[in-house]
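Each chain, written out:
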Amino acid sequence: MDGTFRVLHVDDDAALLDLAAELLHRADDRLQVVTETSVPAALDRLDDEPAIDAVVSDYQMPAMNGLDFLDRVRDAYPNLPFVLFTGQGSEEIASDAIARGVTDYLQKGVGTDQYTVLANRVTNAIERQQMAAELRRREAHLRQAQSVANLGSWWTDVESDDLYWSDEVFEIFGLTERDSPLDHEAFMSYVHPDDREFVEENWQAALEGEPYDIEHRVVVDGETKWVREQAEITFEDGDPIHAVGVVQDLTDRTERQRRLRETNHRLQAVIDTVDAAIFMKDADGTYQLLNDTAREILGLDEDADVTGLTTADLFPQATAREFRADDRHVLETGEPIRKEEPVPHSDGVHVHLTIKSPIFDADGEPSGICAVSTDISDRVDDG
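Residues numbered from 1 in each chain as written. Predicted model: local features only at pLDDT ≥ 70, side-chain atom pairs only at ≥ 80, totals over all residues. Heavy atoms only, no water.

Time to look at the pairing of strand S2 (residues 31–36). Sheet analysis places strand S1 (residues 5–10) next to S2, joined by 6 bridges and oriented parallel. Within S2, the residue paired with Arg6 across the bridge is Gln32. Between the parallel pair S1 and S2, the chain is carried across by helix H1 (residues 14–27), and the sense of this crossover is right-handed. (Pairing = 2+ DSSP bridges. Helix = DSSP H or I, 4+ residues; strand = E, 2+ residues; numbered from the N terminus. Right-handed = clockwise from strand over helix to strand, strands pointing away.)

Both strand S8 (residues 212–220) and strand S9 (residues 223–236) contribute to a ladder of 9 bridges, which runs antiparallel. Note on S9: the bridge partner recorded for Val218 is Lys225. The turn joining S8 and S9, which pair antiparallel and follow one another in sequence, is formed by 2 residues; a positive phi near 55° is taken by Asp221.

A separate point is the side chain of Lys356. Among the structural elements, Lys356 can be located in strand S14 (residues 348–360). A relative accessible area of 5% places Lys356 in the buried class. A polar atom in the side chain of Lys356 sits 3.3 Å from the backbone oxygen of Phe323. Setting aside its immediate chain neighbours within four residues, Lys356 contacts Lys281, Phe323, Asp326, Asp327, Val330, Pro336, Ile337, Ile369, Cys370 and Ala371. (Buried < 20%, exposed > 50% of the residue type's maximum accessible area, 1.4 Å probe, protein only. Polar contact = N/O pair within 3.5 Å; in protein donor to acceptor, adjacent residues only side chain to side chain. Contact = heavy atoms within 4.5 Å.)

Another point: a nonpolar patch on the surface. Together, Trp155, Tyr164 and Val244 line one region of the surface with nonpolar side chains, adding up to about 290 Å² of accessible area. With respect to the element layout, Trp155 can be found in strand S6 (residues 151–157). Trp155 sits in the partly exposed class, given a relative accessible area of 33%. (Patch = residues over 30% accessible without salt bridge, like charges linked within 9 Å, V, L, I, M, F, W, Y side chains within 5 Å. Areas by Shrake-Rupley, 256 points an atom, 1.4 Å probe, with all protein chains shown as cover. Salt bridge = Lys/Arg side-chain N within 4 Å of Asp/Glu carboxyl O.)

Now for the side chain of Asp53. Counting through the fold element by element, Asp53 comes out in the loop between helix H2 (39–48) and strand S3 (54–57). In this structure, Asp53 is buried with no salt-bridge partner, the nearest side chain bearing the opposite charge being Arg6 at 6.3 Å. Setting aside its immediate chain neighbours within four residues, Asp53 contacts Thr4, Phe5, Arg6, Leu80, Pro81, Ile126 and Gln130. (Lys, Arg positive; Asp, Glu negative; His and termini not counted.)

This paragraph deals with unusual backbone geometry. Phi angles above zero are rare outside glycine, and Ala63 is one such case at about 75°. Here Ala63 is to be found in the loop between S3 and helix H3 (66–76). Overall, Ala63 belongs to the exposed group, its relative accessible area being 77%.

Attention shifts here to the sheet that holds S6. By definition, the strands of a sheet pair up through backbone hydrogen bonds, in either a parallel or an antiparallel sense. The strand order S7-S6-S10-S9-S8 describes an open sheet built from 5 strands, whose pairing is antiparallel. Strand pairing shows two members of the sheet lacking a second neighbour, strand S7 (162–165) and S8, which therefore form its edges. Neighbour to neighbour, the strand axes of the sheet diverge by 25° on average, direction disregarded. Strands S6, S8, S9 and strand S10 (239–249) of the sheet are contacted by helix H8 (residues 196–206), whose axis makes an angle of about 145° with S8. (Axes fitted to C-alpha atoms, helices over the stretch in contact; angles between N-to-C directions.)

Taken as a whole, this structure holds 16 salt bridges when the rule is applied. Overlapping salt bridges, with partners in common, bring together Asp68, Asp71, Asp96 and Arg100 in one network.

What follows concerns the sheet that holds strand S4 (residues 82–86). Strand order in this open sheet of 5 strands is S2-S1-S3-S4-S5, and the pairing throughout is parallel. Only two strands of the sheet have a single partner each, and these edge strands are S2 and strand S5 (104–107). Each strand axis lies, on average, 20° off the axis of its neighbour in the sheet, ignoring direction. Pairing geometry for S1 and S3, over 4 bridges, is parallel. Note that in S3 the partner of Leu8 across the bridge is Val55. Against the sheet, H1 engages S1 and S2, with an angle of about 170° to S2.

Now the structure itself:
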């Protein structure tokens, strides 16, 4: 971690503070030392200057000793590096300091070399704290991202069969008890009975080197959920050693897809009762939906898949060319068109009254076409 490190050095010996500040900076020019000769003044400085990266403190000082100062610092700044640098060294003080959460302990000596040691201790403590803080931030971001994406992570030792889940996996599985040992058998107990063979086959294939990316159901407390499992397996000498993976809750998505299928099924059932041909196309001209009347006109089986087909696939070339021109007009203007036109049927050409209307996306832009075409041949013949 590059940059300047601000260190607060507290000692009731002002001359020592001046010397230490100079020697610490000389030992590591990243160290910028500010000083106070009493604990109350040091506490005020910490409150006023939150950019302090570490504290170095003597033990024996008036008003409050270094350990009581440490307690106050830990209450307000639990992760701030605190180095006790004292001439009052003893095993009892060192033990007490460790128990209270001191970062490091160094006894004052004779000569200037001790400040090189102190500088190393301080910079190491700051760098460790900054790396730990960055790790906490990344873990927090990861937890947030996993929560937003309904995503959890897991890790397993293949040989020992030990399995570890992140908190998000327990939440996805709806489990509150997190102390029980986990292994593959425990995981499989949550898999829906109808999916266990599928999951086991894919897991064994993954242990042989195949990709592991599957969707399946889990059952927890009678509730069925859909999840997606992915994993990367590490091999050594051809043998699987461990695997790291993710599990994502797909229940909401699956439920939305189910409702959409039901809606589409009901919509299809409704439009199939209409005595007019109904076509729906994307902006690129590919068909997405036909009703029964349209299929009858084209001579298509009721189960024939038209998705992805174009006008050129279903109509003669001249008719397809005219239909494409009408489609472009609707998409470019965003306005419907209404016209009488000849439409080839499986039994000949009939006259239709056709209305083509644009389908708009969420931004209000034409993204498709819906056409309703009614056979008016009898009316024309009567006229």
